[in-house]
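# Structure at a glance
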Amino acid sequence: MTALAPAPHAATAASVAERAPKHRPSPERIAAGLTLAALVVASLFALNSLGISLPSMLESWSNAERFFTRVGSISFPEPLELVQLTALTLGIVVTGTLFAAICSVPIAYLAASNTTPGPGWRAAARFITVFTRALPDVVLAMVFVLLFSLGSLPGILAIGIHSIGMISKLFADAIEQIDEGPRRAVRAAGGSKLQEFTSGILPQVLPSWVATVLHRNDINLRGSVVLGYVGVAGLGLEMSHAFKSLNYSLGLGVAIVMFALCVLMEIISSAVRRAMLHGGRASGGPLAATTVEAAARRPWTGSRVRTTVWGWVTAALLIGAIAVCNIQWGDLVTVWAKIPPVAAQFWPPSFGAYDWTRMSGAMLETIAIALAAAVLTLLASIVIGSFAARNVAPNPGTRAGARFLLVGIRGVPEVILAIVLIVITGLGAQAGTLALAFGGIGLAGKLIADSLEEVKGGPERAITATGASRFQRYAAATLPQGAPAIIGHSFYLLDTNIRAATILGIVGGGGIGYYLLNAGQGSNYGVVTAIVLMILVTVLAVEGLAMWMRRVFR
Amino acid sequence: MPSPVIEVRDLDKRFDRTLALQGVELTIDRGEIVVLLGLSGSGKSTLLRHLDGLETPTSGSVRVLGEEVPRLRGRRLRALRGRVGFVFQQFELVPSLTVLENVLTGSLARLRGPRLGLWSYPRRLKLAALGHLDRVGLLDRAYQRADTLSGGQQQRVAIARALMQEPEILLADEPVASLDPESSEQVMALIREIAMDAGLTVVCSLHQVDLALAWGDRIVGLRGGRLVLDTPTEGLGKAEVMEIYGRVATATAELEAIETELADASSEASPERAEPLAEGAGR
Ligand SMILES: Nc1ncnc2c1ncn2[C@@H]1O[C@H](COP(=O)(O)OP(=O)(O)OP(=O)(O)O)[C@@H](O)[C@H]1O
Ligand SMILES: [Mg+2]
């Protein structure tokens, strides 16, 4: 909004500054700007209150040295046991992700605006996506461990239910972006609603669905280690036992295995995604057959052989994953009787032995960790991300190097890094914050680099034409154009950080998670409920804030 | 004695503020090949969509193959749609599926439940689909992805898909508006040939007068949602069609629009309109 210039007769006398139209941003933008400023100040306070500074980091280095002299060498579980634990961990994660992937199809169908049968269905489906995403998988695992006591079901269900939210949200977004034409053609040919979906919509969104599921599977594998702390079988449980019994050398050994597993899975899933993107369009040339009967036999072209082989390999892996879990299917029948008494233990919510100031303090510490990590990530990602942008990097080599660095960082599972840092430096919240901050750089740096590459080239050329230096051009044309997108990414980062920070405490990283674990282990389930409610409110508030900010600064 | 397969009586259709169709009366007998002619926005697509139950009338009656279309719901509506083939301007194939599977989706009305993948269709239908592909000259492309074909080839696949329905009526909404002149020629000839062989009733919208005259047995002209012309093509010249348009055009501005539109339409069949689809398919 701009105001008109003053009346002409006054204009002749007035200076240019007075005559210039006044810039009046909308109230919403002002509010958003103030919120942004407040958050920046809060982040600086957070950094300060967590005691993150160069001297303390140097000091922790000597802690680490002392730690390693004390621990000596790193040890691993027996080979056979190691294989079993690894298989079980992978089995639980894959089966859980598969469960979520299947559930997400009907939920996304109900949630997408162009397929939903009605607004009521849509609201219900949206509620499920938001709620399952906000509910930490650790909390779900705590509850399911009570219900099922032994076996792999608690882990599968915790991972599965928590993952439904993200997969169905992204799947619903993909459904909303389809080309409606093929679907209309199926309708015009007399297809039913279900046939419209399977023949007209599904083939269009299948690749994005598979990519989302693979991505979620990576996230779930990284997170699975925390589930071990609340009793879910696998490598995570082995590691938490080792650390609890002060067997640091074994604990670190398991952490290294887990680390390698995550990196391996990431490499596999990105290879699959790439193959799908490029190989999917491969298409055999024209058919030699000249009669209909001959053409009915589809020739075994290279691409058909590949698709078939990979299809069977995938099916075998999925069946293997389910088999390895050795699911006690009977439990799914008997569990219903246990639900009422267990549910009764979780109600009413209470703070038990703790008081409100203590709990709100812990929650604030969690928020501080998320904020501090976000600001550190942002500083590093703007630097690395800028060098990774084609229009900023001084030469292609620098860009390639920066991109490579970002991919490498993205491969590091931050939860495991946090556990290792916490153990070897003996610092809780600081180590957790640094791990979170480091882990965020991979994605944030990539998003920032992509956004900077997308800015309009014209203004950059214009600034260069005025004789400005590279850096001046970056500051005057590139960064200002990329700023709205960077603000958007920052809030996405804050949103994921809050979720991660709540569970960081479970592995000793400070904040509310510590109390959550304590309450669960002490069977104070009313306290668990109270803490979960606090987490839900915080996570949903940050998500709402992030959505608002991204809308205002678009 | 020919019996009408399409009877439209006093059809009105209103979208918010625009009256897309007003008092349209139209009777078409079995086996007729009819061209709907009209400028952009005259209501051609809207009328065709009513015939397949893809749009509900504001008032009036639409009888197709003896059924009152707006009254049909659920299974009975789908059954009627199964008996009426529809060819779209933008082909509307599923880009990531093979040509053969795209053709097979034409048989969905006769199948129960969802289908995905060639293996989910019975062999009998697969052979039929290959037969239709052979008919449109694309048997050798059966196992290629639909988006690897040219525009003209894609439209021929879409025709094979409509044939897969074993339709009694074929509706086509500007089937060649996205194609270059040569493919247009091919596709239109193909539709006519198939229609003659199978005794199909065809209603096809076009905006090129030349093409309409050469191709149809009967021309039905729409202007501003009203039927302004309904005549056999035999012995009719382009000048006469223009004249009829001219007589009913009230303002000079409208006349000019008609003339430029008709000139444009016959000189170039805008191939650039095919581009958005190609882009969408590449996603
Ligand atoms: N779904 C809709 N909502 C609102 N208005 C519509 C809708 N569909 C069509 N119309 C309007 O109805 C009128 C007739 O449109 P229609 O698409 O039938 O014209 P057409 O003759 O097919 O034109 P074209 O040659 O451009 O395809 C136009 O004014 C159009 O804007
Ligand atoms: Mg139209």
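Residues numbered from 1 in each chain as written. Chains lettered and ligands numbered in written order. Predicted model: local features only at pLDDT ≥ 70, side-chain atom pairs only at ≥ 80, totals over all residues. Heavy atoms only, no water.

For chain B, an unreviewed UniProt entry supplies the name Phosphate-import ATP-binding protein PhnC and the organism Agromyces mediolanus.

The name given to chain A in an unreviewed UniProt entry is Phosphate-import permease protein PhnE, with Agromyces mediolanus as the source organism. Per UniProt, the comment on chain A under Sequence similarities (unreviewed entry) is "Belongs to the binding-protein-dependent transport system permease family." The Subcellular location (unreviewed entry) comment attached to chain A in UniProt states, word for word, "Cell membrane". (UniProt positions renumbered as here; feature names shortened; annotations may be inferred.)

Residues and elements named next belong to chain B. Counting buried positions over the 6 residues of strand β8 (residues 201-206) gives 6, a clear majority of the element. By the alternation rule, side chains of β8 split into T201, V203 and S205 and V202, C204 and L206, which are all buried. In this structure, strand β3 (residues 33-38) lies alongside β8, joined through 5 bridges in parallel fashion. Residue pairing across strands places L37 opposite L206, the latter belonging to β8. Where strand β7 (residues 169-173) and β8 come together, 5 bridges link them in parallel fashion. (Buried < 20%, exposed > 50% of the residue type's maximum accessible area, 1.4 Å probe, protein only. Helix = DSSP H or I, 4+ residues; strand = E, 2+ residues; numbered from the N terminus. Pairing = 2+ DSSP bridges.)

The next point concerns the interface of chain B and chain A. Listed as interface residues are 47 residues of chain B and, on the opposing side, 39 residues of chain A. A combined buried area of about 3,200 Å² lies between chain B and chain A, and 60% of that area is made up of carbon and sulfur atoms. Our count for the contact surface shared by chain B and chain A stands at 1 salt bridge. Counting the contacts that link chain B with chain A gives 8 residue pairs in polar contact (both at pLDDT 80 or more). Of all the elements in the fold, those that place two or more residues in the side of chain B that touches chain A are α2 (74-83), β6 (84-87), α4 (123-135) and α10 (275-282) of chain B. In terms of residues, the side of chain B that touches chain A owes the most to one element, α4(B), which gives 5 residues. For the side of chain B that touches chain A, the residue count by class is 21 nonpolar, 11 polar and 15 charged. (Contact = heavy atoms within 4.5 Å. Buried area = accessible area lost by both parts, 1.4 Å probe. Salt bridge = Lys/Arg side-chain N within 4 Å of Asp/Glu carboxyl O. Polar contact = N/O pair within 3.5 Å; in protein donor to acceptor, adjacent residues only side chain to side chain. Nonpolar A, V, L, I, M, F, W, Y, C, P; charged D, E, K, R; others polar.)

With that settled, consider the sheet that holds strand β5 (residues 67-68) of chain B. Residue and element names in this part refer to chain B. The strand order across the open sheet formed by 4 strands is β2-β1-β4-β5, and the pairing between neighbours is antiparallel. Only two strands of the sheet have a single partner each, and these edge strands are β2 (18-29) and β5. Pairing of strand β4 (residues 59-64) with β5, which is carried by 2 bridges, proceeds in the antiparallel orientation. Bridged to R63 within β5 is E68. Contacts between helix α1 (residues 44-51) and the sheet are confined to β1 (4-15), β2 and β4, with β1 contributing the most and set at about 125 degrees to the helix. (Axes fitted to C-alpha atoms, helices over the stretch in contact; angles between N-to-C directions.)

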